[in-house]
Amino acid sequence: MYFRSTRGLENNVTSAIAIINGISKDGGLYVPESFPNIYSFLKEKKNLTYEELAFEIINEYFTDIDDNELVDAINEAYNERFTVQVKNNFLELYHGPTCAFKDAALLFLPQIMKRAKKICNKKGDIVILTATSGDTGKAALEGFKDIDEFRVVVYYPKNGVSSIQEKQMLTQKGKNVKVIGINGNFDDAQNCVKQIFGDNSFKEKLIEKGFTLSSANSINIGRLIPQIVYYFYGYFELVKQGTINQGEKINVVVPTGNFGNILASYYAKQMGLPIDKFICASNENKVLTDFFRNGIYNRKRELILTESPSMDILVSSNLERLLFEASGRNSEIIKDLMTSLNEQGTYEINDQMKEFMKDFYGNYATKEEVYNAIKEVYDRDNYLIDTHTAVGYVVKNKYQKESNDTKPVLIASTASPFKFSRSICKALKIDIDKIDDFKVLDELSKSTNNDIPKSLATLGEEKILHNEVCDKSEMKEALLSYLGV
Ligand SMILES: *Cc1c(COP(=O)(O)O)cnc(C)c1O
C-alpha cells in the first residue's frame, strides 16, 4: 500500500514515511491509494478482540511495517489501557487514560512512529508539535511521554479548554514533554503550527540541530487509520447484542471537530462496512452544517466558545481528504479549493462534488438543546452522556425527524461525562454553585451513582508542572527555547 498527497506533489509514499512526515511537502494530506474491502472477510471471523481486529485493519495499510512489529505496536498501545464498549447504541470511545476518544489513536501513534522512525533510519529526536482544543494535547502527552528520541510540545488556547482539561495537561509528567498556553483561540494555535510546518527553512535549521518536526494532529495518517477500527468493532458489537443483523445498514452519528473521526467512518464504509448515512454533528460553530447544506465552506465567522470545546473549530482539516474523494481524486481541484480557503476564507465545491456529499447530513445543536438531551437521556435510561456526545444525540434526533429514516444508529460517544462534569451537573440541575471543578466531580458521582474514572479522581491533588503562557506571535520562539537551540 502506498500513500499520496491530496495536492498531487507526492505519490508512492510508504506508510513509514507518511507517518514520519505527518503532512506532505505540498501542504496536502496523505491518503491511501485504495481502500481494501475486507468486511466480508472480517464478518466471518467471530469474536476477535479489539487488538486482533485492529491488526487485520491496520495491516491493510501499513504494509511496510513487519507483521510482528505491528502486533507489538497494537498490544503496547492498547493492552489494558483502552477498551471500546457499546451501550444503548452509543459507541463509548472514552475508556482510556485521558477519558476521551483521542486515546484510541494517540496511544497507537507513538508506537507506530517509533517503528517508522527505525524503518526510515531517521537520526536525532522527533519533535511532535500539537495544537489542541483540549483533548488531543493530553492524549498526545500521555502517548508520547518518556518514549526515547521523541519530544512533545503542546499548544493550547489559554481560555479555550475546560479547567479539568487544562489541569490534565499542566500536571503531565515525563522527561520529554512541554505544555504552552496561548493567548488566542484554537484556530490561532493551529494556524501557527501549520505555519511552522510550512516554513521549510525553519525546519531545515532544526534538522541541522538534530530535531525533526512532526505532527500528532489528526492530519497524521498514523492517527487516522487506527480510528477505522472502532467502527468495525462497534458494528460487530451491535450484531452480537442482537440490535442489528449482520449485513444490515446502519447510520453513524459523529460529533465533529477536525473531521477525523467521521472521516474514519467513511473509510470504514469504503472497506465494506454497511454504513448508509454519515450524520455530522456540530455545536454552534456550524461551518460543516452550512457546508453540507449548500456546498459552501465559509470560515469567516467568529469562533464561539461552547461547552463542547473539542469541537470549537472553524477549519476542519480532515475535510480535505473527503473533498479529494468527492472530486474523483483530482489534486488540481483540491489545490484551488485550499488556496481559496487560505486567501478568501471560503470556497464552493462543484456540482459533482455536491452530489457526492449526499451521504452526509450536517446539523448542529445549541447549548440549550445539549442540556435538554443530557437530561432526557439520563431521566429515561439512567445513562450519562457528555456535552460532545449530546451534540451528536440532538443532531441524530433532528435527522430522524426530518428524514423518517429508521435505520439503527451508532452514536460516537467521545468523552467521559466526568470530563465535563460542571456542564453535566447544570444540565441535570444538580446544585454546584460556588464549588470548584474537582468537587463537582464528586457531586456528579454522588448524585448519579456513577464512579469517577480513575485518572480524573486523583487529578485535584496533582502538582502543576507546566506554567508557560505566550502570545501567538511567540510560539516559534517558545519552541526554540524549549529545545535549547
Ligand atoms: C476531538 C474530539 C471531537 C472531534 O473529533 P474530530 O475527529 O476532531 O472531528 C469530538 N469530541 C471529543 C470529546 C473530542 O475530543
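- As recorded by an unreviewed UniProt entry, the protein chain carries the name Threonine synthase and is attributed to Clostridium weizhouense.
- Comment text from UniProt for the protein chain, heading Cofactor (unreviewed entry), reads "pyridoxal 5'-phosphate".
- According to the UniProt record, the Sequence similarities (unreviewed entry) comment for the protein chain is "Belongs to the threonine synthase family."

Focus: the overall build of the protein chain
Then, number 1: A count of helical and extended segments in the protein chain gives 22 helices and 15 strands.
Then, number 2: Taken over C-alpha atoms, the radius of gyration comes to 21 Å for the protein chain, in line with the 23 Å a tight globule of 485 residues would show.
Then, number 3: With the C-alpha coordinates aligned to their principal axes, the bounding extent of the protein chain is approximately 60 × 50 × 50 Å.
Then, number 4: Going through the 485 residues of the protein chain one by one, you find that 61% of them count as buried.
Then, number 5: Long-range contacts, defined here as pairs at least 24 residues apart, represent 75% of the contacts in the protein chain between residues at least 6 apart.
Then, number 6: For the protein chain, the exposed area adds up to about 18,700 Å²; of that, 45% sits on carbon and sulfur atoms.
Then, number 7: Here the protein chain holds 60 positive side-chain charges and 67 negative ones, and the gap between their average locations is 1 Å.

Things to note about the UniProt feature "domain: Tryptophan synthase beta chain-like PALP" (unreviewed entry) in the protein chain
Then, number 1: Per the UniProt record, "domain: Tryptophan synthase beta chain-like PALP" (unreviewed entry) is found at residues 94–411.
Then, number 2: A helix fraction of 49% and a strand fraction of 18% characterise residues 94–411, whose end C-alpha atoms lie 13 Å from each other.

Side note on the site of the ligand
Then, number 1: Looking at the ligand, there are 15 residues lining it, with Lys-102, Asp-135, Gly-257, Asn-258 and Thr-414 nearest.
Then, number 2: Thr-414 has a polar side-chain atom sitting 2.8 Å from a nitrogen atom of the ligand.
Then, number 3: A total of 380 Å² of accessible area belongs to the ligand in isolation, and the protein chains cover 98% of it.
Then, number 4: Here the residues of the shell around the ligand are counted per class, giving 5 nonpolar, 8 polar and 2 charged.

Details of the environment of Ile-275
Then, number 1: Here Ile-275 shows up in strand 10 (residues 275–282).
Then, number 2: Separated by 28 residues in sequence, Ile-275 and Gly-247 have C-alpha atoms that sit 9.4 Å apart.
Then, number 3: Residues in contact with Ile-275, not counting those within four places in the same chain, are Lys-249, Ile-250, Val-252, Ser-265 and Lys-269.

A few points about the pairing of strand 3 (residues 83–87)
Then, number 1: Side-chain alternation along strand 3 places Val-84 and Val-86 on a buried face and Thr-83, Gln-85 and Lys-87 on a face that remains uncovered.
Then, number 2: Where strand 3 lies against strand 4 (residues 90–95), 4 bridges are found, and the strand directions are antiparallel. Across the sheet, Thr-83 pairs through a bridge with His-95, a residue of strand 4.
Then, number 3: Hairpin connection, strand 3 to strand 4: the antiparallel pair is bridged by 2 residues, and Asn-88 has positive phi, about 50°.

Thoughts on helix 19 (residues 421–428)
Then, number 1: Across the 8 residues that make up helix 19, a large majority, 6, are buried.
Then, number 2: Among all positions of helix 19, only Ser-421, Ser-423, Ile-424, Cys-425, Ala-427 and Leu-428 are buried.
Then, number 3: For helix 19, the elements touching its buried residues are helix 8 (163–170), helix 17 (367–381), helix 18 (387–403) and helix 20 (437–448).

Digging into the nonpolar core
Then, number 1: Phe-232 and Leu-323 are the most contacted members of the largest nonpolar core, which totals 110 residues.
Then, number 2: The dominant element in this core, judged by the number of residues it contributes, is helix 11 (residues 221–240), at 12 residues.
Then, number 3: When residues of this core are assigned to domains, at least three map to each of domain 1 (122–217 + 453–485) and domain 2 (222–418).
Then, number 4: Those residues in contact with Phe-232, other than ones at most four positions away along the chain, are Tyr-39, Leu-42, Leu-53, Ile-57, Ala-268, Met-271 and Leu-273.
Then, number 5: Val-395, Ile-424, Ile-432 and Leu-444 belong to the second largest nonpolar core, which has 39 residues in total.

Details of the domain arrangement of the protein chain
Then, number 1: For the protein chain, the domain assignment lists domain 1 (122–217 + 453–485), domain 2 (222–418) and domain 3 (419–452).
Then, number 2: Each of domain 1 and domain 3 has a C-alpha centre, and the two are 29 Å apart.
Then, number 3: Counting residues at the interface gives 13 residues for domain 1, matched by 8 residues for domain 3.
Then, number 4: Of all residues in domain 1, Ile-164, Pro-453 and Leu-456 give up the largest surface area on contact with domain 3, accounting jointly for 46% of the area buried on that side.

So, helix 6 (residues 108–119)
Then, number 1: In this model helix 6 runs 17 Å from its N-terminal to its C-terminal C-alpha over 12 residues, within 8% of the 16 Å that 1.5 Å per residue would give.
Then, number 2: Counting buried positions over the 12 residues of helix 6 gives 9, a clear majority of the element.
Then, number 3: If you check which residues of helix 6 are buried, you get Phe-108, Leu-109, Pro-110, Gln-111, Ile-112, Met-113, Arg-115, Ala-116 and Lys-117.

Quick word on the sheet that holds strand 10
Then, number 1: Reading across the sheet, the 6 strands line up as 3-4-14-9-10-13 and stay open at both edges, with mixed pairing between neighbours. The open sheet has two edge strands with one neighbour each: strand 3 and strand 13 (360–364). When the angles between neighbouring strand axes are averaged without regard to direction, this sheet yields 25°.
Then, number 2: Lying on the sheet, helix 13 (residues 287–294) is in contact with strand 10 and strand 13; it crosses strand 13 at an angle near 140°.

Regarding the UniProt feature "domain: Threonine synthase N-terminal" (unreviewed entry) in the protein chain
Then, number 1: Residues annotated in UniProt with the feature "domain: Threonine synthase N-terminal" (unreviewed entry) correspond here to residues 3–78.
Then, number 2: Secondary structure over residues 3–78 splits into 45% helix and 8% strand, and the C-alpha atoms at its two ends are 25 Å apart.

Cut-offs applied
Residues numbered from 1 in each chain as written. Predicted model: local features only at pLDDT ≥ 70, side-chain atom pairs only at ≥ 80, totals over all residues. Heavy atoms only, no water. UniProt positions renumbered as here; feature names shortened; annotations may be inferred. Helix = DSSP H or I, 4+ residues; strand = E, 2+ residues; numbered from the N terminus. Rg over C-alpha atoms; globule rule 2.2 N^0.38 Å. Buried < 20%, exposed > 50% of the residue type's maximum accessible area, 1.4 Å probe, protein only. Contact = heavy atoms within 4.5 Å. Areas by Shrake-Rupley, 256 points an atom, 1.4 Å probe, with all protein chains shown as cover. Lys, Arg positive; Asp, Glu negative; His and termini not counted. Charge placed at Lys NZ, Arg CZ, Asp CG, Glu CD. Near = heavy atom within 4 Å. Polar contact = N/O pair within 3.5 Å; in protein donor to acceptor, adjacent residues only side chain to side chain. Nonpolar A, V, L, I, M, F, W, Y, C, P; charged D, E, K, R; others polar. Pairing = 2+ DSSP bridges. Core = buried A, V, L, I, M, F, W, Y, C linked by side-chain atoms within 4.5 Å. Domains from an automatic or database assignment. Buried area = accessible area lost by both parts, 1.4 Å probe. Expected span 1.5 Å × (residues − 1). Axes fitted to C-alpha atoms, helices over the stretch in contact; angles between N-to-C directions.

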